[in-house]
Amino acid sequence: MYFWVSPYKQVIELTKGIIVKKRKKVIVLVCAGLLILITFAAFFNGLVVRRYTVKTDKLNSGESFRLVLIADLHSHIYGDDQSELVSLIRKQEPDAILLVGDIADDKKPLTGVRLLLEGIREISPVYYVTGNHEFWLYSIEQTKDEFREYVVRVLENEYDHLKVDDINIVFAGVEDPDIRLFKEFSYDWAGEMEDAFLPLRSESGFKVLLAHRPELIDEYKKFDFDLVVSGHSHGGQIRIPLFVNGFYAPDQGWFPRYAGGRYKHGALTHIVSRGTSNPLFIPRVFNPPELAVIDVVGGT
């Protein structure tokens, strides 16, 4: 038996088939494009600027100052003669530059550190505290002297004053706990900090603590600080944005509480840098090296 098929129906079926195939191709291309973008974003390790604003009633309305925070450089060099990093810092026009430990590395030469310090010495006052890797160099006094040669204020369980316009700022710095490697067994790290910083209660001004290790925040909270800046955690190394802030950090272990970012403890703000180094042997995923910029502004 013979059945007649309308040519129009044949055309319609053929058109539908073409459309389905094109849709599949489009979906495949879109998925491939998204995969490429996600992969690029995940493994992008270019230096980024991360900005924070901290409001305080210790400043009058309209008053502000800017801090640049650098942590965990590990002697890494950006660009020719550290030019990329230095240029990026200069563009921020900071009132002070804060180096919060592991700027030097125990397995690399100090070339990257010297280039950085030479480049930033004329930008603004520079403050520095030790990290664990500086102590692992086992030449800590020589390392500190290297920093001082570039007019860096090395804070060794002590504090210093800086005036920006009419704003009084107090910068305090605590030695990394690995200072105990060079002290007697009975050395009381927390007690030394208490002796150094309890007098701050009678000081006026906005008070900033430079402290390499963020996981010791409960110790820092005992004192009269408005802002604590730290590093050490390297951003938890691997992140899943919106879900996991970091998978692993030194001295915090898996899923660290203080991987990186802003944390509030009552009136105290704690900002943890994700680090400025870019190691080749440990991948950073959704976690590019960063330069943290902190604007402290008057307000409530």
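Structure report, in brief. Source: prediction; values computed, not measured. (Residues numbered from 1 in each chain as written. Predicted model: local features only at pLDDT ≥ 70, side-chain atom pairs only at ≥ 80, totals over all residues. Heavy atoms only, no water.)

**Looking at the overall build of the protein**
Check the secondary structure of the protein and you find seven helices and 14 strands. Counting every position in the protein, which comprises 300 residues, the buried fraction comes to 50%. Accessible surface for the protein amounts to roughly 15700 Å². Of this, 57% is attributable to carbon and sulfur atoms. (Helix = DSSP H or I, 4+ residues; strand = E, 2+ residues; numbered from the N terminus. Buried < 20%, exposed > 50% of the residue type's maximum accessible area, 1.4 Å probe, protein only. Areas by Shrake-Rupley, 256 points an atom, 1.4 Å probe, with all protein chains shown as cover.)

**Observations concerning the packing of aromatic side chains**
A full pass over the atoms with the stated rule returns 11 aromatic pairs. Judged by centre distance (5.7 Å) and plane angle (70°), the rings of Phe-65 and Phe-206 are edge-to-face. Of this pair, Phe-65 sits in strand β2 (residues 64–70) while Phe-206 sits in strand β8 (residues 206–210); the two residues are 141 residues apart in sequence, bridging distant segments of the chain. With a centroid separation of 5.4 Å and 45° between ring planes, the pair formed by Phe-247 and Phe-255 is classed as tilted. The exposure class of Phe-247 is partly exposed, given its relative accessible area of 24%. Classification of Phe-255 by relative accessible area gives exposed; the value is 53%. (Phe/Tyr/Trp six-rings, centres within 6.5 Å; stacked < 30°, edge-to-face > 60°.)

**Section: the environment of Phe-182**
Here Phe-182 is to be found in the loop between β7 (167–173) and α6 (189–197). Sequence spacing of Phe-182 and Tyr-138 is 44 residues, and the spatial spacing of their C-alpha atoms is 8.7 Å. The contact partners of Phe-182, leaving out residues within four places of it in the chain, are Phe-135 and Tyr-138. (Contact = heavy atoms within 4.5 Å.)

**Observations concerning the environment of Tyr-52**
With respect to the helices and strands, Tyr-52 occurs in strand β1 (residues 48–56). Given a relative accessible area of 7%, Tyr-52 falls into the buried group. Along the chain, Tyr-52 and Leu-67 lie 15 residues apart, while their C-alpha atoms are 9.8 Å from each other. Apart from residues no more than four positions distant in its own chain, Tyr-52 is found in contact with Gly-261, Arg-262, Ile-271, Val-272, Glu-290, Ala-292, Val-293, Ile-294 and Asp-295.

**Examining helix α2 (residues 83–92)**
Three or more residues of α2 are buried, namely Leu-85, Val-86, Leu-88, Ile-89 and Gln-92. The arc enclosing the buried residues of α2, seen along the axis, measures out at 160°, which places them on a common side. Contacts from the buried residues of α2 go to β1, β2, β3 (96–100), α3 (111–120) and β14 (290–298). In the stretch just after α2, Glu-93 is the one whose phi turns positive, near 50°. (Arc of directions from axis to C-beta.)

**Quick look at a negative patch on the surface**
A cluster of acidic residues, Asp-188, Glu-192, Glu-194 and Asp-195, forms a negative patch at the surface. Within the secondary structure, Glu-194 sits in helix α6. Given a relative accessible area of 40%, Glu-194 falls into the partly exposed group. (Patch = residues over 30% accessible without salt bridge, like charges linked within 9 Å, V, L, I, M, F, W, Y side chains within 5 Å. Salt bridge = Lys/Arg side-chain N within 4 Å of Asp/Glu carboxyl O. Lys, Arg positive; Asp, Glu negative; His and termini not counted. Charge placed at Lys NZ, Arg CZ, Asp CG, Glu CD.)

**What about the sheet that holds strand β9 (residues 227–230)?**
The mixed open sheet is built from six strands, whose spatial order is β6-β7-β8-β9-β13-β12. Of all the strands in the sheet, just β6 (158–164) and β12 (261–265) have a single pairing partner and so form its edges. Adjacent strand axes in the sheet meet at a mean angle of 20° when their direction is disregarded. In terms of strand pairing, β12 meets strand β13 (residues 268–272) through five bridges, oriented antiparallel. Its bridge partner being in β13, Tyr-263 is matched across the sheet by His-270. Against the sheet, α6 touches β6, β7 and β8, its axis set at about 40° to β6. (Pairing = 2+ DSSP bridges. Axes fitted to C-alpha atoms, helices over the stretch in contact; angles between N-to-C directions.)

**Structural notes on the pattern of salt bridges**
Applying the stated criterion to the full structure yields 18 salt bridges. In this structure, Lys-58 engages Asp-226 in a salt bridge whose closest nitrogen and oxygen atoms are separated by 2.9 Å. Of this pair, Lys-58 sits in the loop between β1 and β2 while Asp-226 is found in the loop between α7 (217–220) and β9, placing the two residues 168 residues apart along the sequence. Classification of Lys-58 by relative accessible area gives partly exposed; the value is 40%. Salt-bridge contacts for Arg-213 lead to Asp-178; the nearest nitrogen and oxygen are separated by 3.4 Å.

**Structural notes on the sheet that holds β1**
The strand order across the open sheet formed by six strands is β1-β14-β2-β3-β4-β5, and the pairing between neighbours is mixed. Both edges of this open sheet fall to β1 and β5 (152–154), since each of them pairs with a single strand only. Taking each pair of neighbouring strands and ignoring which way they run, the sheet shows an average axis angle of 25°. Two elements, strand β4 (residues 126–129) and β5, share three bridges in a ladder whose sense is parallel. Along β5, the bridge assignment pairs Tyr-128 with Val-154.

**Remarks on α6**
Turning to α6, its buried residues number three or more, namely Trp-189, Gly-191, Met-193, Ala-196 and Phe-197. Against the buried residues of α6 lie β6, β7, β8 and α7. Its side-chain oxygen placed 3.4 Å from the backbone nitrogen of Ala-190, Asp-188 serves as the N-cap of α6. (Polar contact = N/O pair within 3.5 Å; in protein donor to acceptor, adjacent residues only side chain to side chain.)

That is the geometry; function is a separate question.
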